[in-house]
Structure formats: structure tokens, C-alpha cells
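Read off the chains here:
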Amino acid sequence: MDEWVKTIIIYLIKIGISILVVVLAKYIAKLIYKIILSTAEKSGKVAISYKKSLMTLINTAMYILAGFIIISVIFTNLSAFLAGLGIGGVIIAFAVQEPLGNLICGFLIMLNHLVVDGESVEIDGIGGTVQKIDINHVVLKTFDGKLIHIPSKQVWTNKIIHYWPEDIRRNEIKVRVSYKYDINLITTVLDEAIRTSELVYIDDDHQPAIVFDSYGDSSMNFIVRFWAKRDNFISSTTSAAESVKQKFMENNIEIPYNQIDLHIKDVNPQLVQNKDRN
């Protein structure tokens, strides 16, 4: 009986130590996270691109360390534990194959800066803003407000489009003009119009371009390409359109409606006579 009570007490102590280790691991993880952020903000030289994901990464590392400590506390004879682990290793390997693959890919994504928190991207045809990189998922918030969890392995192996590799990106609008105008005149007027738009960004490396697109059914079609900063990107479309319309009004240039020319050939004379009688 004494031996049985002693065994229970020993295991209760081990369980208590294990709980304490987990609590300490969580506290130390938060402390390390705060120190890293504080150091980065004070230095001003280190940009933390994974603020949300960094906490997950530190927590994972600390909990793994805590797990090893707990195993060493509970199993004083590790040889028996390792032998049992070896027997069940094959089953466990099959069970965690996919999660483990996602976990490794998640670390690779962060190490290679493939995507970062707050970045606008398109992953495997899904566009949105990266909320955070979790242990085995990348959390993406779509532009219409949906929250999507994409497995890290899918992110690592699929095509990624970065919408904003720089703070400036090219935008464009399409313009239709009547056939009665000279192409060179239209090109000049469109160039003047886009350069007067307030939200269009212009410097030596970012110049607007006027491109003839096609001869349409009712008009000549042009593409006006220009650059805009990230904050003004959506508004720049309206601003450019307003500038083009204003310039067209000043130069009496028409934006045509769709029209169809109908040519009638070989009309039956009898049909004409019947019409006249009616």
C-alpha cells in the first residue's frame, strides 16, 4: 500500500511539474516575442514582416522544448519509451504526413519571405491580403471579406502573384473615339489629359503610355496606361477618366455610341410596288 501511495505521489508531482513547464513555456514565449519586437522598433533597422506569425513560431518552438522536458520528467527510463515510440512510429508517420508537410512548408515560406503579413497576393487563383502564417496554414482575407485557410504546402507549390512588389503599380483605362479623328491628334490629347490628372504618378522611370488597341465596330479603341501609388490606385482610374473627358470636351472630340450601318442590296421591285400601294 505504501508503495502504491508513493507511486501516486511521484506521478502527481511529475504532472504538477509538467503543468508548470507548459505555463513557463507560454510565458517565456510571450517574453521573447515582446523583446524581439521592442528591439526591432528601437533599432529601426529590422523590419518585422511576420508579427502575427512570429508569435506562432515562437510558441511552437517553446512547446516542442517543453514537450521534451515533460517526456524526460515523466519517463525516467527513456529506453522503454523510445522502444514503444519506434513500434508506433510507422503508424504515426502516416497519420502526420500531411500536417508535417504543411508545417515544414510554413517554415520555408517564412524563411524565404515568400509571402508576408499584410501583403496583397494571389495564391493559386485566390486573391486577398495575408492575415498571418499559421503553423500549417496561410490565412488569407479575400477582397470581399472572406477568410480562407490555405495549406502551407499548397502555397509553397503553387504560383503566387504579388500585387504590390513596390509602392507604385501600373493602371489603365480604355477609351473609344470616333473614326473621323486623326490618330496622332487623339494620341496627343490623351497624353495631355493623363499628365494633368492629379492622382497619376510620373517620374523619369514611370511615364504614361497611349497605345492604339484596335479598330472596333463603331470606334477606334485606345488603351491609356499610367502609374499610380498604392493609396491612390483605385481612385486613379476615376481621376484619369475625368481628365480624359474634360480634354475631349475642350477639343470637341466625341466618344461614339455603338452604331450599325445597314446596306440593302437587290430589293425585289414587286415589294416596293406593294409598299407604295399600301
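For the structure, see preceding data.
Just so it is clear, the model here is predicted, and its values are computed rather than measured. (Residues numbered from 1 in each chain as written. Predicted model: local features only at pLDDT ≥ 70, side-chain atom pairs only at ≥ 80, totals over all residues. Heavy atoms only, no water.)

### Considering the pattern of salt bridges
Spelled out, the test is: By definition here, a salt bridge exists when the distance from a side-chain nitrogen of Lys or Arg to a carboxyl oxygen of Asp or Glu is within 4 Å. Only protein chains enter the accessibility calculation, which uses a 1.4 Å probe; a residue whose area is less than 20% of its type maximum is buried, one above 50% is exposed, and one in between is partly exposed. Only DSSP runs of H or I reaching four residues or more are called helices, and only runs of E reaching two or more are called strands; each is numbered from the N terminus.
Using the criterion set out here, one finds six salt bridges in the structure. Lysine 146 is the salt-bridge partner of aspartate 144, the closest N and O atoms lying 3.8 Å from each other. Given a relative accessible area of 52%, lysine 146 falls into the exposed group. Between aspartate 191 and arginine 195 there is a salt bridge; the shortest N-O distance is 3.0 Å. Here aspartate 191 pairs with arginine 195, and both are found in helix H6 (residues 183-196), just four residues apart, close to one helical turn. Given the relative accessible area of 24%, aspartate 191 is considered partly exposed. A relative accessible area of 38% places arginine 195 in the partly exposed class. Taken together, the shared-partner salt bridges in this structure form one network comprising Glu192, Lys247 and Glu250.

### Description of the sheet that holds strand S3 (residues 137-142)
Let me state the cut-off plainly: What makes two strands pair is DSSP finding at least two bridges between them. Note on geometry: axes are lines fitted to C-alpha atoms, helical ones only across the stretch in contact, with angles between N-to-C directions running from 0 to 180 degrees.
Strand order in the open sheet formed by five strands is S4-S3-S2-S1-S5, and the pairing between neighbours is antiparallel. The strands lining the two open edges of the sheet, one partner per strand, are strand S4 (147-151) and strand S5 (160-162). Taken over all neighbouring pairs, the strand axes of this sheet differ in orientation by 40° on average, direction set aside. Note that strand S1 (residues 120-123) and strand S2 (residues 126-133) share four bridges and pair antiparallel. For isoleucine 123, the partnering residue across the bridge sits in S2 and is isoleucine 126.

### Re the nonpolar core
For clarity, the threshold we go by: Definition used in this section: a nonpolar core is a set of buried Ala, Val, Leu, Ile, Met, Phe, Trp, Tyr and Cys residues joined via side-chain atoms within 4.5 Å. A contact between two residues is defined here by any heavy atoms of the two lying within 4.5 Å.
Counting residues in each nonpolar core, the largest one holds 19 residues, and the members touching the most others are Val175, Val177, Leu190, Val224 and Phe248. For valine 177, the contacting residues outside a window of four places in its chain are Ile186, Ser219, Met220, Phe222, Phe248, Ile253, Glu254 and Pro256. Within the second largest apolar cluster, twelve residues are counted, among which are Val130, Ile133, Val155 and Ile160.

### Section: the packing of H6 against helix H7 (residues 233-250)
Put simply, the rule is: An angle below 35 degrees is treated as roughly parallel, one above 145 as roughly antiparallel, one from 65 to 115 as roughly perpendicular, and anything else as oblique. By the definition used in this description, the sense in which the near helix is turned from the far one sets the handedness, with an anticlockwise turn below a right angle giving left-handed and a clockwise turn giving right-handed. Residues were grouped as follows: Ala, Val, Leu, Ile, Met, Phe, Trp, Tyr, Cys and Pro as nonpolar; Asp, Glu, Lys and Arg as charged; and all remaining residues, including Gly, as polar.
Packing of H6 against H7 brings their axes to within 8 Å, and their N-to-C directions diverge by 135°. By the angle between their directions, the pair H6 and H7 is classed as oblique. Taken as a pair, H6 and H7 cross one another with a handedness that is right-handed. Residues Val189, Leu190, Glu192, Ala193, Ile194 and Thr196 of H6 lie in contact with H7, whose contacting residues are Ala240, Ser243, Val244, Lys247 and Phe248. Partitioned by chemical class, the residues of the contact of H6 with H7 number seven nonpolar, two polar and two charged.

### Regarding a nonpolar patch on the surface
Here is the rule: Residues enter patches when they are more than 30% accessible in relative terms and free of salt bridges; like-charged ones are connected within 9 Å and nonpolar ones (Val, Leu, Ile, Met, Phe, Trp, Tyr) within 5 Å. For the area figures, the Shrake-Rupley method with a 1.4 Å probe applies, and any residue is considered shielded solely by the protein chains shown.
A cluster of nonpolar side chains, contributed by Leu20, Leu24, Tyr27, Ile28, Leu31, Ile32, Ile35 and Ile36, occupies part of the molecular surface with about 690 Å² of accessible area. Structurally, the position occupied by leucine 31 is in helix H1 (residues 2-43). Residue leucine 31 is classed as partly exposed on the basis of its relative accessible area of 39%.

### Section: the sheet that holds strand S8 (residues 220-229)
The sheet built from three strands is open, its strands ordered S6-S8-S7 with antiparallel pairing. The two strands at the open ends of the sheet, each matched to only one other strand, are strand S6 (168-177) and strand S7 (209-215). The mean angle between the axes of side-by-side strands here comes to 25°, regardless of whether they run parallel or antiparallel. Across the sheet, H6 is in contact with S6, S7 and S8; its angle to S8 comes to roughly 20°.

### Side note on the environment of isoleucine 70
Secondary-structure assignment places isoleucine 70 in helix H2 (residues 51-74). You can call isoleucine 70 buried: its relative accessible area is 17%. Counting along the chain gives 55 residues from isoleucine 70 to isoleucine 15, while the straight-line C-alpha distance between them is 8.6 Å. Not counting residues up to four positions away in its chain, the partners in contact with isoleucine 70 are Ser18, Val21 and Val22.

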